[in-house]
Structures are given as structure tokens and as C-alpha cells.
There are 2 protein chains.
Amino acid sequence: MSAASSPVEIAAGGSTIWVGRGTLRDAARLLASPSGRFLLVSPPSAHAAADTVRAALSGRVLLDLALEDGEASKTLAAVDAIADAALSAGLHRDDAFVAVGGGVATDVVGFAAAVLLRGVPWNAVPTTTAGMADAAIGGKTGVNHARGKNLLGAFHPPRSILIDPDCLATLPERDYRAGLVEAFKAAWIGDAALASRAAASLPALLAREPRAVLDLLAGAIRVKAALVSADLRDGGERRLLNFGHTLGHALEAASGFGTLRHGEAVAWGIAAALEISRRRTGLPEEQVRAVRDALSRLGPFPSPERDPGRLAELLVRDKKTTARGLASVLLDSLGRARVDESVSVREWLDAAAIMSLS
Amino acid sequence: MSAASSPVEIAAGGSTIWVGRGTLRDAARLLASPSGRFLLVSPPSAHAAADTVRAALSGRVLLDLALEDGEASKTLAAVDAIADAALSAGLHRDDAFVAVGGGVATDVVGFAAAVLLRGVPWNAVPTTTAGMADAAIGGKTGVNHARGKNLLGAFHPPRSILIDPDCLATLPERDYRAGLVEAFKAAWIGDAALASRAAASLPALLAREPRAVLDLLAGAIRVKAALVSADLRDGGERRLLNFGHTLGHALEAASGFGTLRHGEAVAWGIAAALEISRRRTGLPEEQVRAVRDALSRLGPFPSPERDPGRLAELLVRDKKTTARGLASVLLDSLGRARVDESVSVREWLDAAAIMSLS
């Protein structure tokens, strides 16, 4: 680890995001708790980062709770267990949670914080590329239900989010790359210059060079921050963040959860969205190729299940589907996206049949 | 039933409350659903009211679900069951729940609506005096946890609330009277004229005469509406509604849930708060007597458990207790209350030892 430089501070929809090396060691200053007391929750996979945060908060940790790793632990039962431990420890409503871990940890802990005593503060310390680029920012929290992912949840933004690329050193390669898809996605929908820079520095990104990683993450976070600050409740601009997700969610579910990483399913969803965009918005062919080329170098990603009957069923059931129809996100050009409610399930199935990542 | 007159419309913190006879028969017009579709949830005790609402919404009910009666069904498991049924029925985020029943039904269904798909609309049709005076207004929803009542929940105001005194015809006497305590409480903290009128019409109220009931409920709702609209998240003025609740919650828990009705525990809590107010705020003696006289005529209420050790433990753990201390509500004079954070647990225990309702 090199010495920490000053972190970048980004405000987004109720959260303050601190991006920089060494932010975890500065947790006592950067994390927020009205009472000064913290409830630390983390899975085994994040033990190194949790150790750093624990040491930084020394003497102020009211509860130090282990969460199981993996999507299977993202359940209402896990929320109940966190509630039980927190109430046993004497939680008051001005104490704050700290979730250290991947998207599962921040989703579950954030949801527990949202519903305990009708809402206590929390902080997020994401330790994966996916978590840093996406999960904790914007306040979406939640758990899965037998009938699908994230079907129970709440909007409850963390007070502070610490993003430290040094946490990524031990992240498995597949998770590292899948998470980068979300960061690139943010660039593609909102920042063409960032997209070009990130594509040019792909070798450095894949080598996890902190400078390249920080540039992409800070840029992706700024895109997301601008969209969620304008639209906390998911009705308008924020939906642009779902680029690749309309079909992506269905591919992820159809393939069986755990088969594809979320970011991998999103990569395929983007491939399909490119097909529809090229036809409907006139997205230039060289931009289609640029996006697909970056996705191909971030991969290769496992092939998803493409059964049209199954995908159709899942698309119709998507929780963002309203009486008006699917809220599809298309790309007008690199850095510019739009929501289109006129794309039919049929078009998505046709795109899924021909999408490719090479 | 007599013919319906025009209902009174009251806006409160995101909800529209329709108060009047016959409002249930007009449910198709008065309840809100962006999609026009409803998910009806009600316990057996509210079957008559549910029948009226069901008939009024004919053809627009996507799900018709029975909930168990009683505080024991106010659990996370019940929320999970509602989620399961709603998702199986094909819930979309622009469909709306309708909870028909007492405070348990509106609390559980409101919480399910708050977390399903991170929030879908809902409507409340309270069928008890307690529910009409208190439970559905202001957006507090939630369930109990092994460690205490309402420890898991969310702020999620119903779109519409229908208040029809004809629903009260079959309510058991004890529930009817306990619920009236909450309505009187609203008058005592916020509307001295209403408090006098209600005290004068106590015989008519106890005879459930619709005109007297409507006057008290509409007045109590206006008091609550003014307080919650100014303070949706429970930090300031809204806390005045907790008059009688600081000790009341502890009495309710110490006596064993189900032993005292909530309103009965609040009546005792008010009796204790009168003792502290008389000493600390100079609440005039004749006003102390007026409040106690009304409570005595609403009762008699069963005696609570007064063990000081147990009460002290529960007071400290109250979810409204912050690092600053208990948020106690005292009465300055009839119609005027204030939050005082300097009242010690010791003072509450002393007041509990001498409080009386006769």
C-alpha cells in the first residue's frame, strides 16, 4: 500500500462518497454515526477490510457481527438475525451500522438499517468492483424472495460510503471483471470521455492499477450520483442506470441464480440493448463495436440461458414493468441513454437470440 | 345505516383521509391505485367491512387475502406471507394494497407495501376506534420482534384512509373504549375545545352515536394530521402524539402483551404523565382532574404491572430513547403539550407508583 492521498468527496442522494486510497484507515473520521457508536457487519470474504475498519473504529464498535457470504444469505431471515443481534446489543436509533463487503452485505445490512426502529443510519464499505460501482450508491437496499431477486427492500441511502481500491487486491478475477461491467455501463450511459479513457486503459484496469481503477470508479460514481440525486425514487432519469438490466435480470434468473454473475448478465443485456439501439436510435456502428469490444476484453463471460418462453415470462414480471410496459434503456450514442417504453418483449427476445459479445 | 352525507376530506403527510358515514361503499372512488387494481387484505374480525369494500371494488381485486387476527400475527413471517401471495398474484408496482381491519392489519399490510418492490401504494380502512384515531395516519407501519413491539417497520403513508363510524357497530366494548383513549389523547395535546366537547358528549360516545363519534374522530385526526404533516420522520412536533406512550409502552410490555389493550396502557401512561406535568409544568389541578375523570369514565381499565425494575429496563430500551435521554411528553395545559428530555427514568417510576385513574 502506498501512502493515502486526499480522498475525493462526492455527494449523491443523501450519501457522501469518499473515493481514494487509505479511506478505510480513516474510517473513524469518514463514517457517520450520530451517537458515535457503530454496528459492524461483514462476511468472511471481507475480513481484511473489516479488520482495517474495526481497528480504525476501536472502542466504538457496539456490535461486531459476521454475515454469511453469497447471494443465498440475502434473505429476510438474515435481516431478522441482524435485527436480533442489534437489539440484543442495545441498538438505539442514533447508532449506525457499517456494512463491509460486497453487494450482498451492503444490500442486507442497508435493508436491516432501513427497517430497524423504522430506520437507523448506516454506512457502506464496498469491497468489490460491483459494490463500488453500483450497489451502495443511491440507497437501494433489499433482499431476495423465493420469487425473485430484490423483491423486498427499501430506499435508505447510507450516510457515508468509503471506496478504497486497495480492498480489491484479493477479489477473485471473475468477480473483479464482472463488477467492472457496471462501471463501464455508467460511462456508456453518461460520460463518453470516461468511456474512451477507460477503454484505453483496459490493460491497466485488468492489472488493478489503483490510478486507473480510481479514475473509472470516481467517474462511474459521478454519473450515478448525478442520476440518483435527480431522482431518488426510481421514476425518471435514474432508470437510465438500468442499461443492460432489463434483459440482464431475466438472463440472470433464467440461467439459475449463481450461474452468471450479475455483471456478466448485464454484459449480455447490454449486448442485446445494442442490437435494439442500433435499429431504433441509430446508434453508430463504430460505437456498437467500441462497447462490444470493451465487453469482450472484460470477458469472456459464460453464455446465458436463452429460452424465449422463460425469458418472456421473466421480462413481464420484472418489478420495473408498469401498466405502460417495459422500461427499456437504449443508447442514443456513447454517453447518452434514454428510457423507451415502446420496446416489446418480442424485440427483446429477438435481440437475445442474436446478441453476441465477440 | 342512514344515508351517507358528504365525507370530510383531511390531508395528512401524504395521505388523504375521508371521514364520514358510507365512505366504504364509495371505496371505488375514494381508494387510490395507479393501475386501478387492488390487493385486499383483511382479518376475520373485519369481514363485514371487507365485504362492503370488496363489493365496491368489484372486478378490480387482484388478490383477496385473509390475515390472522391478533397482535401475535404482527410478525415478519406475516409480511413474508403477504409478499408471497402478492407476488404469486402478479403484483406490479402500480397496484395498491387495501388493508381492512384494526391496527394490526394496517401495520402489517402497510409494512408489506413499504418493502414489496421497494414500495407499492396502499390504502387503509381501519375498523376500530384505535385504528381510526391513530394507527393508519402518519405512515408508521411495522411488525413486532421477539424483543419488543414495532421494532421493525417503515414510514410509508397510505394513499387514502377511509373512516366510517358504521364499522364500529360490532367492535367489542373493551376495544371500542380503549381506542377512544387515543382519540381523547389527541384532543388533550392539541385541541382544548374538542376535549371539552368530547367530555361533554361522553355518554353519546359510549353509546356509539355516529354524530358524536364523527366529531371526536375528525377532530383527533385533524390534530394528528397537523403534527405529522409538519414532521413526517418523528423528530420533533410529531413526538407530542406520544403523550402517555413513554410509560404506556413499558406498562404494556411489563404486563405481558395482550394483557392490556394498547389504549389501556396509554390511559395509565397518561395518568402518570399527569403526575409529572402537575409538578413540572404547573398543569392546573382542575385540568388534571378533567383528564382523569374522562379516563375513568372510559374505563375501568385493568391494573398494569408496576414492578420498577422491569419498567426501568423497558424505559431505557424504548426506541425513541436517544443518547440525550427519554423523550417524555408533558401537558402544559389542556390542548398544549411539549417534549421534555430532562425527565429521568426515576421520575417515571415514582409517577407509576402513585398514578391512579379514579
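Residues numbered from 1 in each chain as written. Chains lettered and ligands numbered in written order. Predicted model: local features only at pLDDT ≥ 70, side-chain atom pairs only at ≥ 80, totals over all residues. Heavy atoms only, no water.

Draft legend 1. Summary view of the overall build of chain A. Secondary structure assignment for chain A yields 14 helices and 11 strands. Since a compact globule built from 358 residues should have a radius of gyration of about 21 Å, the 19 Å found for chain A is in line with a globular shape. C-alpha atoms of chain A, sized along the principal axes, occupy 60 × 40 × 35 Å. Residue burial in chain A is summarised as follows: out of 358 residues, 62% are buried. Within chain A, counting contacts between residues at least 6 apart in sequence, those at least 24 apart form 75% of the total. A total of about 12,500 Å² of accessible surface is found on chain A, and carbon and sulfur atoms cover 52% of it. Of the side-chain charges in chain A, 40 are positive and 39 negative, and the distance between the mean point of each set is 2 Å. (Helix = DSSP H or I, 4+ residues; strand = E, 2+ residues; numbered from the N terminus. Rg over C-alpha atoms; globule rule 2.2 N^0.38 Å. Buried < 20%, exposed > 50% of the residue type's maximum accessible area, 1.4 Å probe, protein only. Contact = heavy atoms within 4.5 Å. Areas by Shrake-Rupley, 256 points an atom, 1.4 Å probe, with all protein chains shown as cover. Lys, Arg positive; Asp, Glu negative; His and termini not counted. Charge placed at Lys NZ, Arg CZ, Asp CG, Glu CD.)

Draft legend 2. Focus on the packing of aromatic side chains. All names here are of chain A. This structure, assessed with the given rule, holds 2 aromatic pairs over all chains. For the ring pair Phe184 and Trp188, a centre distance of 5.5 Å and an interplane angle of 45° mean the geometry is tilted. Highlighted residues: Phe184 and Trp188, both in helix α6 (residues 173-190), separated by 4 residues, approximately one helical turn. On the basis of relative accessible area, Trp188 is assigned to the buried category, the value being 3%. (Phe/Tyr/Trp six-rings, centres within 6.5 Å; stacked < 30°, edge-to-face > 60°.)

Draft legend 3. Up close: the side chain of Thr128(A). Residues and elements named next belong to chain A. By the secondary structure assignment, Thr128 is in the loop between β6 (122-126) and α5 (129-135). Given a relative accessible area of 15%, Thr128 falls into the buried group. The residues touching Thr128, leaving out its near neighbours within four places in the chain, are Gly102, Gly103, Leu168 and Leu171.

Draft legend 4. Molecular detail of the packing of helix α3 (residues 76-88) of chain A against helix α4 (residues 103-115) of chain A. All names here are of chain A. One can describe the packing of α3 onto α4 by two numbers: an axis separation of 9 Å at closest approach and a directional angle of 60°. As summarised for this structure, α3 and α4 are arranged oblique, according to the angle between their axes. With respect to the hand of their crossing, α3 and α4 are arranged in right-handed fashion. Contact residues: Leu76, Ala78, Val79 and Ile82 in α3; Val108, Val109, Phe111, Ala112 and Val115 in α4. Residue composition of the contact of α3 with α4, by class: 9 nonpolar, no polar and no charged. (Axes fitted to C-alpha atoms, helices over the stretch in contact; angles between N-to-C directions. Parallel < 35°, antiparallel > 145°, perpendicular 65-115°, else oblique. Left-handed = near helix turned anticlockwise from the far one by under 90°. Nonpolar A, V, L, I, M, F, W, Y, C, P; charged D, E, K, R; others polar.)

Draft legend 5. Quick peek at the pairing of strand β10 (residues 328-333) of chain A. Counting buried residues along β10(A), 5 of its 6 residues qualify, which places the element largely inside the surrounding structure. Linkage of β10(A) to strand β11 (residues 336-340) of chain A, two consecutive antiparallel strands, is achieved through a turn of 2 residues, within which Gly335(A) is found at a positive phi near 90°. (Pairing = 2+ DSSP bridges.)

Draft legend 6. Region of interest: the environment of Ala200(B). If you trace the backbone, Ala200(B) turns up in helix α7 (residues 192-200). Considering only alpha carbons, one finds Ala200(B) and Pro126(B), 74 residues apart in sequence, at a separation of 26 Å.

Draft legend 7. Just the pairing of strand β9 (residues 160-163) of chain A, in detail. Residue and element names in this part refer to chain A. Here β9 shows a buried face lined by Ser160 and Leu162 and a second buried face lined by Ile161 and Ile163. Here strand β2 (residues 15-19) pairs with β9 via 4 bridges, running parallel. Across the sheet, residue Ile17 finds its bridge partner in β9, namely Ile161.

Draft legend 8. Structural detail: the packing of α6(A) against helix α7 (residues 192-200) of chain A. All names here are of chain A. Contact geometry for α6 and α7: axes closest at 6 Å, N-to-C directions at 140°. It follows from the interaxial angle that α6 and α7 lie oblique. On α7, the residues touching Phe184, Ala187, Trp188 and Gly190 of α6 are Ala192, Leu194, Ala195, Ala198 and Ala199. Residues of the contact of α6 with α7, tallied by class, amount to 8 nonpolar, 1 polar and no charged.

Draft legend 9. Local environment of the confidence of the model for chain A. Predicted confidence across chain A gives a mean pLDDT of 92, with 95% of residues reaching 70 or more. Of the two predicted TM-score estimates for the complex, the pTM is 0.90 and the ipTM is 0.88. (pLDDT = per-residue confidence, 0-100.)

Draft legend 10. Structural view of the pattern of salt bridges. Residue and element names in this part refer to chain A. Overall, the coordinates contain 56 salt bridges over all chains when judged by the stated rule. Among the ionic pairs, Arg278 bridges to Glu275, the shortest N-O distance being 2.6 Å. Of this pair, Arg278 and Glu275 both sit in helix α11 (residues 262-280), 3 residues apart, roughly one helical turn. One salt bridge in this structure joins Arg310 and Glu313, with 3.4 Å as the shortest N-O distance. A residue pair is termed a helical-turn pair when its members lie 3 or 4 positions apart in one helix, as Arg310 and Glu313 do in helix α13 (residues 308-317) at 3 residues. (Salt bridge = Lys/Arg side-chain N within 4 Å of Asp/Glu carboxyl O.)

Draft legend 11. Structural view of the environment of Ala192(A). Residue and element names in this part refer to chain A. You can see Ala192 is positioned in helix α7. Ala192 gets classed as partly exposed once you look at its relative accessible area, which sits at 32%. Placed 141 residues apart in sequence, Ala192 and Ser333 show a C-alpha to C-alpha distance of 8.6 Å. When sequence neighbours within four positions are dropped, the list of residues in contact with Ala192 reads Ala187, Leu334 and Gly335.

Draft legend 12. Local environment of α3(A). Residue and element names in this part refer to chain A. Spanning 13 residues, α3 covers 18 Å between terminal C-alpha atoms, matching the ideal 18 Å at 1.5 Å per step. If you check which residues of α3 are buried, you get Leu76, Ala78, Val79, Ile82, Ala83, Ala85, Ala86 and Leu87. Downstream of α3 by a residue or two, Gly90 has a phi angle that is positive, lying close to 90°. (Expected span 1.5 Å × (residues − 1).)

Draft legend 13. Main features of unusual backbone geometry. With an omega of 5°, the peptide bond between Gly299(A) and Pro300(A) qualifies as cis. In this fold, Pro300(A) is placed in the loop between α12 (285-298) and α13. Unlike most non-glycine residues, Arg208(A) shows phi in positive territory, near 60°. Following the sequence through the fold, Arg208(A) ends up in the loop between α8 (202-206) and α9 (210-230). With a phi angle near 50°, Leu117(B) is a residue other than glycine that sits in the positive phi range. Topologically, Leu117(B) is positioned in the loop between α4 (103-115) and β6 (122-126).

Draft legend 14. Just the side chain of Ser73(A), in detail. One can find Ser73(A) in the loop between β4 (61-66) and α3. In terms of polar contacts, Ser73(A) uses its side chain to reach the backbone carbonyl oxygen of Glu68(A), at 2.9 Å. (Polar contact = N/O pair within 3.5 Å; in protein donor to acceptor, adjacent residues only side chain to side chain.)

Draft legend 15. Representation of the nonpolar core. Among the nonpolar cores identified, the biggest contains 260 residues, and Val53(A), Phe97(A), Phe184(A), Val53(B), Phe97(B) and Trp188(B) are the most heavily contacted of them. Not counting residues up to four positions away in its chain, the partners in contact with Phe97(A) are Leu39(A), Val41(A), Ile82(A), Ala86(A), Leu91(A), Val109(A), Ala113(A), Leu116(A), Val120(A), Pro121(A), Trp122(A) and Asn123(A). (Core = buried A, V, L, I, M, F, W, Y, C linked by side-chain atoms within 4.5 Å.)

Draft legend 16. Spotlight on the environment of Gly131(B). Residue and element names in this part refer to chain B. Considering the arrangement of structural elements, one finds Gly131 in helix α5 (residues 129-135). Counting along the chain gives 30 residues from Gly131 to Gly101, while the straight-line C-alpha distance between them is 8.1 Å. Not counting chain neighbours up to four residues away, the residues in contact with Gly131 comprise Pro126 and Ala136.

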